[in-house]
Amino acid sequence: MRISKFTRTAVASAVCSGALLSVSIPAQANKALDRLSKEDTNWVMQTKDYGATHFSDMTQINAHNVQHLQPVWSFSTGVLNGHEGGPLVIDGIMYVHTPFPNNIFAIDLDQPDKILWEYKPKQNPAARAVACCDVVNRGLAYAPAGDGYPATIFQNQLDGHIVALNAKTGELLWKMENSDIAMGSTLTVAPFVAKDKVIVGSSGAELGVRGYATAYNIKDGKQAWRVYATGPDEDIKLSKDFNSANPHYGQFGLGLKTWEGDAWKIGGGTNWGWYAFDPDLDMLYYGSGNPAPWNETMRPGDNKWTMTIWGRDINTGEAKFGYQKTPHDEWDYAGVNYMGLSEQLVDGKMTKLLTHPDRNGLVYTLNRENGDLVNAFKIDDTVNWVKKVDLKTGLPVRDPEFSTHMDHEAKGICPSAMGYHNQGIESYDPNKKLFFMGTNHICMDWEPFMLPYRAGQFFVGATLNMYPGPKGTLGQVKAMNSVTGKFEWEVKEKFAVWGGTTATAGDLVFYGTLDGYIKALDSRNGKELWKFKLPSGVIGHPITFGHKGKQYVAIYYGVGGWPGVGLVFDLQDPTAGLGAVGAFKELAHYTQQGGGVMVFALGY
């Protein structure tokens, strides 16, 4: 998988636009972005801020008046596939992205009926054929102006390229090849800006892609570092003191020793989810995904370092710690999902924490300085593949009844491969010390089969049937204390709550539903206070922002993604879409395709 500069306009032309540039040194780029993320008029990252709180201090819209919320304007993207992620809002401009063909639109909030600029890339259409689960894109990233570059919008394209655009004009600044679609490696992850770097993950574990994360320099797109999830330690970039606080997690040589032969070279571990960053520690956090193939018999061993929570030095990429949640994964519990940072009391001491609700149905809270496991508990009491996590060893205590070994059809596994939590970004209210999670409630039957590896072709090796979990619905919203493991309240949803939540100081939790509603709950008790029917189902997350003294809420509509793959591609076989078609067979009776953004404000 080569990396090469594809095209780049002369930075000198951007330098002429003095209003867009500053003389700040690159290290200040994250400070400027961090500062902007704390201004609730803006929404400058997919995660809202470096801690991924998805929380706003705005209270103009609150639990007492949210029933008066009404649409004020909307924008159709003209693209039908699933719209994941959310728009960005920076200094009065909204940046809207789409799934493939990955168009971008800049909209002036003073005149939202006019498009300021648009970017419509030309891509290799072959990328569509190797995308795992719809041709989604999880969003844009933004970097304020720095030394030698203007304010910049970053986008990952499905065909494996990352592009940098002038945020003011849409002009292409540079373009780099990150992934090779001939090998099945695509890009659906949102870029993530920290310090003078933009971080880009990888997709394609279902095609045997060896996962990696890459840091590019904001200014010119040159590669700063690349780290892999499998293979020799130098490729994984383990620091000399890797896991020194927790040697029982494993330390050196395991990226080879826990695989049979060269299986690590096609072993998965891609990371297409979300990142968090602690500027005080200079630490980047993310998760690596499932091993390949899904058939566990074909890859003996713990398969490190797939399914791992990473804490890495942003400057070098070196891993300070790595905690593998599901050694030798048997269920496609790809652990790439939400990483939320908080500071809470643990044993009477204020502690820097990382909280991660995983696909495997467990919530993990770690000390984000050294990787200590603080707590691990079930998202829902119906999780059955695991009895508990041993907090001393960090290992899951499995229930062998739900193993997926060959010559056996395992039935009633909870959660399904979709997990009890998937790609949604969740929210954390620092006042209430609660996380608000949109979850799935889906179980499955699993029958493995053997298959050969062929580059650029699906490398799964299992047939899945999925269906609603024991509580009878496909989704839930929950309020959770990540230190104690206590759930304050729980709300059922007919379909999975795929896109995640956004919380505000106005005692509200916003989220979208697959059948096409945006809803607001009272964050104190889970009571539904307001809902509005959108033109299509939601797989992205809401945002809230301010403009000229008024608070707004915005959300993408556009059903699709893994839960909507049957509707998008008109699939009927219940095992198609890696099992999703059967689980969401009723979805087409409640919504249809159509992509855009809807913006709301108080109507009085």
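As shown above, the structure is provided for reference.
Below is a summary of the structure that appears in this document. (Residues numbered from 1 in each chain as written. Predicted model: local features only at pLDDT ≥ 70, side-chain atom pairs only at ≥ 80, totals over all residues. Heavy atoms only, no water.)

1. Points about the sheet that holds strand 30 (residues 462–468)
The strand order 26-29-30 describes an open sheet built from three strands, whose pairing is antiparallel. If you trace the sheet from one side to the other, it starts and ends with strand 26 (410–413) and strand 30, each paired once. Each adjacent strand pair in this sheet contributes to an overall mean axis angle of 15 degrees, direction not counted. Bridge count for strand 29 (residues 442–448) against strand 30 is seven bridges, and the pairing is antiparallel. Within strand 30, the position partnered with P448 by the bridge is A462. (Pairing = 2+ DSSP bridges. Helix = DSSP H or I, 4+ residues; strand = E, 2+ residues; numbered from the N terminus. Axes fitted to C-alpha atoms, helices over the stretch in contact; angles between N-to-C directions.)

2. Focus on the sheet that holds strand 36 (residues 528–533)
Paired through their backbone hydrogen bonds, the strands of a sheet run either parallel or antiparallel. Taking strand neighbours across the sheet as the criterion, the five strands line up as 2-33-34-35-36 in an open arrangement whose pairing is mixed. Every interior strand has two partners, whereas the edge strands, strand 2 (55–56) and strand 36, have only one. Examined bridge by bridge, strand 34 (residues 508–512) and strand 35 (residues 517–522) share five bridges and lie antiparallel to one another. Considered in strand 35, the bridge of F510 is made with A520.

3. A word on the pairing of strand 15 (residues 223–228)
Of the pairings in the sheet, the one linking strand 14 (residues 212–217) to strand 15 comprises five bridges and is antiparallel in character. Paired with Y212 across the bridge in strand 15 is Y228. Between the end of strand 14 and the start of strand 15, which pair antiparallel, lie five residues, with G221 showing a positive phi angle near 80 degrees.

4. Observations regarding the packing of aromatic side chains
Taken as a whole and judged by the stated rule, the model has 28 aromatic pairs. When the centroid spacing of 5.9 Å and the interplanar angle of 50 degrees are considered together, the rings of F154 and W174 count as tilted. You can see F154 sitting in strand 9 (residues 152–156) and its partner W174 sitting in strand 11 (residues 172–177), a full 20 residues away along the chain. The interplanar angle of 65 degrees and the centroid separation of 5.7 Å between the aromatic rings of Y323 and Y364 together place this pair among those described as edge-to-face. In this pair, Y323 is assigned in strand 19 (residues 319–324) and Y364 in strand 22 (residues 362–367), connecting sequence segments 41 residues apart. Here the two residues Y323 and Y364 agree in accessibility, since each one is buried. Members of the aromatic cluster, connected to one another through ring pairs, are Y50, F192, Y275, F277 and Y286. Directly above the ring of W43 sits K48, whose terminal nitrogen or CZ lies 5.8 Å from the centroid. Here the guanidinium or amino end of K494 rests over the ring plane of F495, the centre of that ring lying 5.5 Å away. (Phe/Tyr/Trp six-rings, centres within 6.5 Å; stacked < 30°, edge-to-face > 60°. Buried < 20%, exposed > 50% of the residue type's maximum accessible area, 1.4 Å probe, protein only. Lys NZ or Arg CZ within 6 Å of the ring centre and 35° of its normal.)

5. What to know about the nonpolar core
If you look at the biggest cluster of nonpolar residues, it comprises 69 residues, and the most contacted ones within it are Y364, M444, M466, L514, W562 and F584. With residues up to four places along the chain from it excluded, the contact list for F584 reads M418, I442, L474, F495, A496, L514 and P563. By size, the runner-up hydrophobic cluster in this structure holds 58 residues, among which are I90, Y119, Y149 and F154. (Core = buried A, V, L, I, M, F, W, Y, C linked by side-chain atoms within 4.5 Å. Contact = heavy atoms within 4.5 Å.)

6. What to know about empty space enclosed by the protein
Counted according to the given criterion, the structure contains four cavities of 30 Å³ or more. Considered as a void within the structure, the largest cavity measures approximately 280 Å³ in volume. Every residue lining the largest cavity is counted, 25 residues in all, and those nearest its centre are C132, C133, R138, E206 and W272. Of the residues contributing to the lining of the largest cavity, the split by class is ten nonpolar, nine polar and six charged. Surrounding the second largest cavity, 14 residues form its lining, M45, Q46, T47, P191 and F192 being those nearest its centre. At the level of secondary structure, the elements contributing two or more residues to the lining of the second largest cavity comprise strand 8 (141–143) and strand 12 (192–194). Split into classes, the residues belonging to the lining of the second largest cavity amount to twelve nonpolar, two polar and no charged. (1 Å grid on protein atoms, 1.4 Å probe; cavity = no way out; pocket = protein on both sides within 12 Å on 5 of 7 lines; lining within 4 Å. Points joined across faces, edges and corners; volume = space filled by probe spheres on them. Nonpolar A, V, L, I, M, F, W, Y, C, P; charged D, E, K, R; others polar.)

7. Some points on the environment of N290
Turning to its location among the elements, N290 is positioned in the loop between strand 17 (283–287) and strand 18 (308–313). Here the alpha-carbon distance between N290 and D329, two residues 39 residues apart in the chain, equals 6.9 Å. With residues near it in sequence (within four places) discarded, N290 still touches A205, E206, G267, G268, G269, T306, M307, D329, D332 and A334. At 3.3 Å, the side chain of N290 forms a polar contact with the side chain of D332. (Polar contact = N/O pair within 3.5 Å; in protein donor to acceptor, adjacent residues only side chain to side chain.)

8. Overview of the pattern of salt bridges
In the structure shown here, the tally under the stated rule is 31 salt bridges. In this structure, K352 engages D280 in a salt bridge whose closest nitrogen and oxygen atoms are separated by 3.8 Å. Taken together, the positions of K352 in strand 21 (residues 349–357) and D280 in the loop between strand 16 (276–278) and strand 17 put the pair 72 residues apart, joining distant regions of the chain. Ionic pairing is found between E409 and K411, a salt bridge with its closest N-O pair at 3.5 Å. Look at E409 and you get partly exposed, because its relative accessible area is 32%. Each of D278, D280, E343, K352 and R368 takes part in one network of salt bridges that share partners. (Salt bridge = Lys/Arg side-chain N within 4 Å of Asp/Glu carboxyl O.)

9. Some thoughts on the environment of A583
By the secondary structure assignment, A583 is in helix 7 (residues 580–583). What makes A583 buried here is its relative accessible area of 6%. Considering only alpha carbons, one finds A583 and N137, 446 residues apart in sequence, at a separation of 23 Å. Beyond its immediate chain neighbours, meaning those up to four positions away, A583 contacts I442, M466, Y467 and L474.

10. Overview of the side chain of T98
Turning to its location among the elements, T98 is positioned in the loop between strand 5 (93–97) and strand 6 (104–108). Accessibility expressed as a relative area gives 0% for T98, which makes it buried. Separated by 3.0 Å, the side chain of T98 and the backbone nitrogen of N103 make a polar contact. Setting aside its immediate chain neighbours within four residues, T98 contacts T77, V79, H83, N103, F105 and N137.

11. A look at the layout of surface pockets
If you add up the space inside the largest pocket, you get close to 560 Å³. What lines the largest pocket is a set of 24 residues, among which K38, D49, G51, T53 and L341 lie closest to the centre. When contributions to the lining of the largest pocket are tallied by element, the ones reaching two or more residues are helix 2 (29–37), strand 16 and strand 20 (340–346). For the lining of the largest pocket, the element with the most residues is strand 20, which contributes three residues. Its residues placed into classes, the lining of the largest pocket shows seven nonpolar, five polar and twelve charged.

12. Things to note about the state of the cysteines
Disulfides are covalent bonds that link the sulfur atoms of two cysteine residues. A full pass over the atoms with the stated rule returns two disulfides. The disulfide bridge from C414 ends at C443, spanning 2.0 Å between sulfur atoms. On the sign convention where negative means left-handed, the S-S torsion of about 110 degrees between C414 and C443 marks this disulfide as right-handed. Residue C414 is located in the loop between strand 26 and strand 27 (427–429), and its partner C443 is located in strand 29; the two are separated by 29 residues in the primary sequence. The two residues C414 and C443 agree in class, both being buried. With its disulfide-bonded cysteines labelled consecutively along the sequence, the protein is connected as 1-2, 3-4. (Disulfide = S-S within 2.5 Å.)

The values reported here are purely geometric and, on their own, carry no functional implication.
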